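One letter stands for each residue in the lines below.
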Amino acid sequence: MKTIGESRWVMKLRGSGPGPLALATEFLALRAAAAMGLPVPEAQPLYLSPDFPWTIGTDEFDGIVQRSGGWNLGIAYIEDAATASLHDILGAAPHFLTSLFDVDRALGNMDRSARNPNILAHGGTFTAIDFDACLFLRRLARGSVPATFPLPPGHLLEGTMVDGAPRDLDPQVLTEALREAPDQWTAAIPCGRDALEAGLVDLARAWNQRH
Ligand SMILES: Nc1ncnc2c1ncn2[C@@H]1O[C@H](COP(=O)(O)OP(=O)(O)O)[C@@H](O)[C@H]1O
Ligand SMILES: [Mg+2]
């Protein structure tokens, strides 16, 4: 957790297991999700000084911090949040369920099961978190644009009827987020930034044409 002025941020570290591509994935996904009407925390790149004097935690965590000097992902911390239960989530307002259903299909989110919903409950509302297991970026990096958008297997909304018209995905939201994503996150993507940007536009078009 990092406090900047009055605001507190969860920091996802580039040097942790999932690595830099996971940060780019989560950052782009959070921007896309917000634009599609799903309540998600604000996200922005945060800089960690390479000589950050870490003094708590295990040696293993210290190693992760050492490897994370530079740009990491900041996610606005939600105070007093609890993990939402499946029961609560299924009773959420229809627009929350519809946008969750759409965002997770559009982005191929593999990490939202009944056991691990990755949804925070706070003050009578819900916020969706944890998008680093979305497949869209890894697929686009291989040149693969999905033709169909099924609900990922094991998703908590499997078997649930969800009302409402699918939301479009604005390609500009994705391309602007990519431009904001630090090179330290995208350097390892073999196809390069230009091809990835074109892929993001193709993905948004494919999603917007699916109905
Ligand atoms: N923005 C946030 N505000 C408050 N708590 C958070 C926030 N993001 C994550 N958490 C807490 O940290 C846990 C792990 O975060 P998550 O994004 O799910 O990462 P992981 O990939 O490790 O599962 C969450 O289950 C939640 O308890
Ligand atoms: Mg999680």
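The shown structure was predicted, so the numbers you read here are calculated from the model rather than taken from an experiment. (Residues numbered from 1 in each chain as written. Chains lettered and ligands numbered in written order. Predicted model: local features only at pLDDT ≥ 70, side-chain atom pairs only at ≥ 80, totals over all residues. Heavy atoms only, no water.)

**Student:** What is the right way to look at the packing of aromatic side chains in this model?
**Tutor:** Two aromatic rings are characterised by how far apart their centres lie and by the angle between their planes. Counted by the stated rule, this structure contains four aromatic pairs. Summarising the aromatic geometry, the rings of F27 and W185 are spaced 5.6 Å apart at their centres and angled 75° between planes, so their arrangement reads as edge-to-face. On the criterion of sequence distance, the pair formed by F27 in helix α1 (residues 20-35) and W185 in helix α7 (residues 183-186) is long-range, its members being 158 residues apart. The exposure class of W185 is buried, given its relative accessible area of 1%. Aromatic pair F149 and W207: ring centres 5.1 Å apart, planes at 90°, arrangement edge-to-face. Highlighted residues: F149 in the loop between α5 (136-141) and α6 (171-180) and W207 in helix α8 (residues 192-208), separated in sequence by 58 residues. The pair F149 / W207 is uniform in exposure class, with both members buried. Over the face of the ring belonging to W207 we find R210, whose NZ or CZ atom lies 3.7 Å from the ring centre. (Phe/Tyr/Trp six-rings, centres within 6.5 Å; stacked < 30°, edge-to-face > 60°. Helix = DSSP H or I, 4+ residues; strand = E, 2+ residues; numbered from the N terminus. Buried < 20%, exposed > 50% of the residue type's maximum accessible area, 1.4 Å probe, protein only. Lys NZ or Arg CZ within 6 Å of the ring centre and 35° of its normal.)

**Student:** Quick question: what am I supposed to make of the pairing of strand β7 (residues 125-128) here?
**Tutor:** Here strand β6 (residues 119-122) pairs with β7 via four bridges, running antiparallel. Looking across to β7, one finds that L120 is bridged to T127. Adjacent in sequence and paired antiparallel, β6 and β7 are bridged by two residues, among which G123 carries a positive phi angle near 55°. (Pairing = 2+ DSSP bridges.)

**Student:** Hey, could you run me through the coordination of the magnesium ion (ligand 2) in this one?
**Tutor:** Six octahedral donors around a metal ideally make angles of 90 or 180 degrees; four tetrahedral donors ideally make 109.5 degrees. Distances from the magnesium ion (ligand 2) to its protein donors, namely N118 (OD1) and D130 (OD), fall within the range 2.1 to 2.3 Å. Placement of N118 in the loop between α4 (94-107) and β6 and of D130 in the loop between β7 and α5 is noted, with a sequence separation of twelve residues between them. Neither N118 nor D130 differs from the other in exposure class; each is buried. (Donors = N, O, S within 2.8 Å, 3.2 Å for Na, K, Ca; no water.)

**Student:** Can you help me understand the site of ligand 1 in this one?
**Tutor:** Around ligand 1, the neighbouring residues are V10, K12, P41, I75, A76, Y77, I78, N118, L120, I129, D130 and D132. Separating a nitrogen atom of ligand 1 from a backbone N or O atom of A76 is a distance of 2.8 Å. The separation between an oxygen atom of ligand 1 and a polar side-chain atom of N118 is 3.1 Å. Of all elements in the fold, only β2 (7-12) and β4 (70-76) reach the threshold of two or more residues within the shell around ligand 1. A breakdown of the residues in the shell around ligand 1 according to their chemical character gives eight nonpolar, one polar and three charged. The two domains that each donate at least three residues to the shell around ligand 1 are domain 1 (2-76) and domain 2 (82-172 + 191-208). (Near = heavy atom within 4 Å. Polar contact = N/O pair within 3.5 Å; in protein donor to acceptor, adjacent residues only side chain to side chain. Nonpolar A, V, L, I, M, F, W, Y, C, P; charged D, E, K, R; others polar. Domains from an automatic or database assignment.)

**Student:** Before we go on, may I ask you to explain α1 in this structure?
**Tutor:** Since the α-helix packs 3.6 residues into each turn, any two residues three or four apart lie on the same face. Its 16 residues give α1 an end-to-end C-alpha distance of 23 Å, which sits within 8% of 22 Å, the value for a rise of 1.5 Å per residue. All of the buried residues along α1 are A22, L23, A24, T25, E26, F27, L28, A29, L30, A32 and A33. Of the residues flanking the end of α1, it is G37, one or two places downstream, whose phi is positive at about 90°. (Expected span 1.5 Å × (residues − 1).)

**Student:** How do you make sense of the domain arrangement of the chain when you look at a structure like this?
**Tutor:** Interface size is commonly expressed as the accessible surface area that is lost when the partners come together. You can read the domains of the chain as domain 1 (2-76) and domain 2 (82-172 + 191-208). Domain 1 and domain 2 are separated by 20 Å when their C-alpha centres are compared. Each partner contributes residues to the interface: domain 1 has 18 residues there, and domain 2 has 23 residues. Across the pair K12 and D130 runs a salt bridge whose closest N-O atoms are separated by 3.4 Å. Our count for the domain 1 to domain 2 interface comes out at five residue pairs in polar contact (both at pLDDT 80 or more). (Contact = heavy atoms within 4.5 Å. Salt bridge = Lys/Arg side-chain N within 4 Å of Asp/Glu carboxyl O.)

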